[in-house]
Amino acid sequence: MLVMSDRVLPVLLLSLSLTVGSVQSQGSSQDAFIIQYLERRLAQIEERLNQCEQNTVSITQKTYDLSSEIRGYLSTLSVVRSEVKSQVDTVSVRVDRVERELEYLENKIPTQSEIEMEEALLEQQIKAAELDQLKKKAKIKVEKDCSTALSQIKSLKIVKKAGDTYGSWFKDPSAGSAKVYLLSGIRNDTVLEYDSLQSFTERTATPPAKVVQLPFHWQGTGHVVFNGFLYCHKADTPNQILKVDLLNGTVVDSTLLPGAGRLPVYSLNPNTYLDLAVDELGLWVIHADAEYGGNLVITKLDKGTLAVDYTWDTQCRSRDAEGAFLICGTLYVVYNTRYGGRSTIQCLYDIHDTIHSDESPVMFFPKRYTSHSSIHYHPEDKQLYAWDDGYQTIYTVETRRNDQVTTE
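Residues numbered from 1 in each chain as written. Predicted model: local features only at pLDDT ≥ 70, side-chain atom pairs only at ≥ 80, totals over all residues. Heavy atoms only, no water.

## A look at the sheet that holds strand S6 (residues 224–226)
Across the sheet, which stays open at both edges, the four strands sit in the order S6-S7-S8-S9 with antiparallel pairing between neighbours. In this open sheet, the two edge strands, each paired with only one partner strand, are S6 and strand S9 (250–256). Strand-to-strand twist across the sheet, computed as the mean angle between neighbouring axes with direction ignored, equals 25°. Here S6 runs beside strand S7 (residues 229–233); their pairing, made up of three bridges, is antiparallel. Residue pairing for S7: Val225 is matched across the bridge by Leu230. (Pairing = 2+ DSSP bridges. Helix = DSSP H or I, 4+ residues; strand = E, 2+ residues; numbered from the N terminus. Axes fitted to C-alpha atoms, helices over the stretch in contact; angles between N-to-C directions.)

## A word on the pairing of strand S10 (residues 275–279)
By the criterion of burial, S10 is predominantly enclosed, with five of the five residues buried. The alternating pattern of S10 places Asp275, Ala277 and Asp279 and Leu276 and Val278 on opposite faces, both of which are buried. Where S10 and strand S11 (residues 282–288) come together, five bridges link them in antiparallel fashion. Looking at S11, one finds that Asp279 is bridged to Gly282. Between S10 and S11, which pair antiparallel and follow one another directly, the connecting turn spans two residues. (Buried < 20%, exposed > 50% of the residue type's maximum accessible area, 1.4 Å probe, protein only.)

## Points about the pattern of salt bridges
Across all of its chains, the model carries ten salt bridges by this definition. Bridged by salt links that share partners, the residues Lys154, Glu398 and Arg400 form one connected network. (Salt bridge = Lys/Arg side-chain N within 4 Å of Asp/Glu carboxyl O.)

## So, the side chain of Thr370
Take Thr370: it is sitting in the loop between strand S17 (363–364) and strand S18 (372–378). Using a relative accessible area of 18% as the deciding quantity, one classes Thr370 as buried. When near neighbours in sequence (up to four residues on either side) are disregarded, Thr370 contacts Asn336, Gly341, Ser343, Asp388 and Asp389. (Contact = heavy atoms within 4.5 Å.)

## With respect to unusual backbone geometry
In the Ramachandran plot, Leu306 falls in the positive-phi region, its phi being about 65° despite a non-glycine side chain. Among the secondary structure elements, Leu306 is positioned in the loop between strand S12 (295–301) and strand S13 (308–317). By relative accessible area, which is 1% here, Leu306 ends up buried. For Cys328, which is not a glycine, the phi torsion comes out positive at approximately 55°. Considering the arrangement of structural elements, one finds Cys328 in the loop between strand S14 (321–327) and strand S15 (330–335). Owing to a relative accessible area of 4%, Cys328 belongs among the buried residues under this scheme.

Here it is in structure tokens:
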């Protein structure tokens, strides 16, 4: 269109010049009319040429925009094509892997005879494990004749008021020992040692209490002393038990109790995560197991090496419990309310399976409307050493043979 305008315009101008010359030479009115007509036609042609040029520019711009859009679509299509190809390759690799795994499993599927052999082997292993458990229980029972059970908590004696609201005190239950120990609070690094219960009771004891300074902090109120060694829960650890020689305050052994330390032993005593105990059969540790619904678990420890002899899961809950103790391998759990009140024994667990909670009546502690932060049984004295809101108290217990326990 632009080429045509460039050729037509000179021709028109030449024609116009010739016409004007002719008109001027003749000077006729008819020629003047023709000149006006030609001028109008020329103006119309110029207007059409301008419009044609504008249309051409518009079409060129639209063509360029369309070309750019098509190039964008082609680029996007190329990316999508690459992604689809990658996904197809990945699916192909997975299909190959599944085929190989199916082939491997087909080759590894045992025959019926092999399955029967494995079942027989599993049954033998289960029987062996059950026999091993029975042997361990029998071993614990044979070590000492212990066929007695708690029948009554007879009386209460308030010995002293010393230390914090929470704490622990007890006698060394080893034969021939009269020493008394006091650990005040729920976290400390000292142990007070008294030569006897009398020296502990006297206000001006002679000699005074021996202060054993430890190189670490203990936590909770579940400690015991046995044969001159302190067994306690080391502070800032979930489940580490230490054995400490109280002659010089040095650690002689330690162990980590599996599964313990994730929640308090007793809900009413939230600062104690491991509660150690001693009875006629030796050293024990009580804890609550989160994976067992929060129920209590008891573990028999070797007092020399702290090795685990055996563990029993009990049906006794930790909720609303304030403490527990063992007598002859039977766990007695003490319950109360968070407001304080009369403590009761409402659940027990016998490792020998000779007495059960549903066959034993609820036993009440003598009236004193507070809550215990610790309760320790002394197998020789047949007494409970309890910490009762800062008061050191002693309960006398009465036991009888298992076959004489009443069920009324």
